[in-house]
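This is what each chain is made of:
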Amino acid sequence: MEYSTAFYIGTHDNSFRSGEPAKIMGVKILFGDRLEDRPCFELEYADGAIDYSPICDYENYKIVSGDKISKKYIIPQNKIKWCFYVV
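The structure contained in this document is the topic of the report that follows. Sequence order as written defines the numbering, with residues in each chain counted from 1. Given that this is a predicted model, residues contribute local features only at a pLDDT of at least 70 and side-chain atom pairs are listed and counted only at 80 or more, while totals for whole chains, interfaces and linings are drawn from all residues. Side-chain measures here rest on the full set of heavy atoms in the structure, leaving out hydrogens and waters.

Our next topic: the sheet that holds strand 3 (residues 38–44). Two strands pair if DSSP finds at least two bridges between them. In this text, helices come from DSSP runs of H or I with a minimum length of four residues, and strands from runs of E with a minimum of two, each type numbered from the N-terminal end. Here five strands make up an open sheet; going across it, the order is 4-3-2-1-5 and the pairing antiparallel. Only two strands of the sheet have a single neighbouring strand rather than two, namely strand 4 (50–54) and strand 5 (61–65). On average, each strand axis in the sheet is inclined to that of its neighbour by 45°, with strand direction left out of account. Looking at chain direction, strand 1 (residues 6–10) and strand 2 (residues 22–30) are connected through two bridges and run antiparallel. Looking at the pairing, Tyr 8 lines up with Ala 22 of strand 2. Structural elements are reduced to axes, namely lines fitted to C-alpha atoms, with helices fitted over the stretch in contact, and the angle between N-to-C directions of any two is expressed from 0 to 180 degrees.

The term salt bridge refers to a pairing of a side-chain nitrogen on Lys or Arg with a carboxyl oxygen on Asp or Glu at a separation within 4 Å. A complete count under the given rule lists three salt bridges for this structure. The salt bridge involving Arg 17 is made with Glu 20; its shortest N-O contact spans 3.5 Å. Classification of Glu 20 by relative accessible area gives partly exposed; the value is 28%. The partner of Lys 28 in a salt bridge is Glu 42, and the shortest N-O contact between them spans 3.9 Å. One end of the pair, Lys 28, is in strand 2; the other, Glu 42, is in strand 3, and 14 residues separate them in sequence. For every residue, the accessible area obtained with a 1.4 Å probe (protein chains only) is divided by the maximum for its type, and the residue is called buried under 20%, exposed over 50%, and partly exposed between those limits. When its relative accessible area of 38% is taken as the criterion, Lys 28 is described as partly exposed. On the basis of relative accessible area, Glu 42 is assigned to the buried category, the value being 17%. The structure contains a network of salt bridges with shared partners spanning Arg 17, Glu 20 and Asp 47.

Below, the structure is given as structure tokens:
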């Protein structure tokens, strides 16, 4: 059996960083005073930004495997570790 890192890509125009792949770090349950508890993907973008996206919002994202993403390394002075491009 083989496995690959999974990447989340927001597909809606209003998605945070729509079209930019983010590594799925795990699943968290988010809750608050005015929110129902809901499972969300914990996402990490190339610049280290962390975001959470509800799993139930499946019409507004796609999940692709790491072999569908190629990494391009960026100069460290830019404080960006890597960029992703969908291949």
